[in-house]
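Per-entry structural report
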Amino acid sequence: MRKLLLILITLLFFSCSVIKVEQDYDKDTDFSSYTTYNYFGDLNTGLNELDDKRLIKAIDATMRMKGFLLTEDPDILINILSVDYLNPVRNNVGIGIGGTGRSVGGGVSVGLPVGQSKLIRSITFEFVDSRKNNLFWQGIGRTKFSANASPEAKEEKLKILVEKVFEKYPQVNL
């Protein structure tokens, strides 16, 4: 029971964190012509093998929900790029010393950082038309990331990130 409570608290913590999503797409694309997908053969996501599997599982589930089929001869090839970086601390406390007097003045100021840098994971999803070999949609998700999170928490975090990014994919009636 205690382990379940810990997992639920961790999932709640991760699900409440902000996921920033951006997208770009070719406005001349007929999105309704795409019904099948697969991944680039030389996919190098930048994630470890376990997170790769979690991410692919989340993408497959989301693509199925949107009505796409995973096939060997796809309309869409998906490329995934991931980068982890430290978000610099932007909060500072200033301490100043100064003096005034008749024609004399001076001052010293020091900024002290408050808080810690946060590890941010940015994952880019690129959809490429497999027949024309051109990029037609790109979605980017950025969120806080903890390397020490449990496997369950990492899986849930990736699932939520994929769902939020893929919400931006233009709506089509399949």
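Below, the structure is looked at part by part. None of the values given here were measured: they were computed from a predicted structure.

The next thing to look at is the overall build of the protein chain. If you tally the helices and strands in the protein chain, you get three helices and eight strands. Buried positions account for 33% of the 174 residues belonging to the protein chain. The contacts of the protein chain with a sequence gap of at least 6 include a subset with a gap of at least 24, amounting to 75%. Split by element, the accessible area of the protein chain, about 11400 Å² in all, is 54% carbon and sulfur.

On the secondary structure map, V165 appears in helix 3 (residues 151-166). Through-space distance from the C-alpha of V165 to that of G141 is 5.9 Å; in sequence the pair is 24 residues apart. Discounting chain neighbours no more than four positions away, the residues touching V165 are V21, F125, W137, G139, I140 and G141.

This next bit is on the sheet that holds strand 4 (residues 76-87). Sheets are built from strands paired through backbone hydrogen bonds, the pairs being either parallel or antiparallel. Across the sheet, which stays open at both edges, the six strands sit in the order 1-8-7-4-2-3 with mixed pairing between neighbours. Lying at the two open borders of the sheet, with one neighbouring strand each, are strand 1 (19-25) and strand 3 (69-70). The sheet strands contacting helix 3 are strand 1, strand 7 (118-129) and strand 8 (134-144), and the helix crosses strand 8 at an angle near 135°.

Applying the stated criterion across every chain yields a total of 10 salt bridges. R121 is paired through a salt bridge with D51; the nearest N and O atoms lie 3.6 Å apart. Of this pair, R121 sits in strand 7 while D51 sits in helix 2 (residues 49-65), and the two are 70 residues apart along the sequence. A salt bridge links K57 to E155; the shortest N-O distance between them is 2.9 Å. Placement of the pair is K57 in helix 2 and E155 in helix 3, with a sequence separation of 98 residues.

The next subject is the nonpolar core. Judged by nonpolar contacts, the single largest core of 26 residues is most densely connected at I59 and F125. Those elements that provide at least two residues to this core are strand 2 (36-39), helix 2, strand 4, strand 7, strand 8 and helix 3. Top contributing element to this core by residue count: helix 3, with six residues. Once you skip the residues sitting within four places of it in the chain, F125 turns out to touch L55, I59, N79, I80, W137, Q138, G139, L161, V162, V165 and F166.

The next point concerns empty space enclosed by the protein. Inspection of every chain in the model, using the stated rule, returns one cavity of 30 Å³ or more. If you add up the space inside the largest cavity, you get close to 100 Å³. Contributing to the lining of the largest cavity are 13 residues, with R121, F145, K154, K157 and L158 lying nearest its centre. Those elements that place two or more of their residues in the lining of the largest cavity are strand 8 and helix 3. Here the lining of the largest cavity gets five residues from one element, more than from any other, and that element is helix 3. Here the lining of the largest cavity is composed, by residue class, of six nonpolar, two polar and five charged.

Basis of the calculations
Residues numbered from 1 in each chain as written. Predicted model: local features only at pLDDT ≥ 70, side-chain atom pairs only at ≥ 80, totals over all residues. Heavy atoms only, no water. Helix = DSSP H or I, 4+ residues; strand = E, 2+ residues; numbered from the N terminus. Buried < 20%, exposed > 50% of the residue type's maximum accessible area, 1.4 Å probe, protein only. Contact = heavy atoms within 4.5 Å. Areas by Shrake-Rupley, 256 points an atom, 1.4 Å probe, with all protein chains shown as cover. Pairing = 2+ DSSP bridges. Axes fitted to C-alpha atoms, helices over the stretch in contact; angles between N-to-C directions. Salt bridge = Lys/Arg side-chain N within 4 Å of Asp/Glu carboxyl O. Core = buried A, V, L, I, M, F, W, Y, C linked by side-chain atoms within 4.5 Å. 1 Å grid on protein atoms, 1.4 Å probe; cavity = no way out; pocket = protein on both sides within 12 Å on 5 of 7 lines; lining within 4 Å. Points joined across faces, edges and corners; volume = space filled by probe spheres on them. Nonpolar A, V, L, I, M, F, W, Y, C, P; charged D, E, K, R; others polar.

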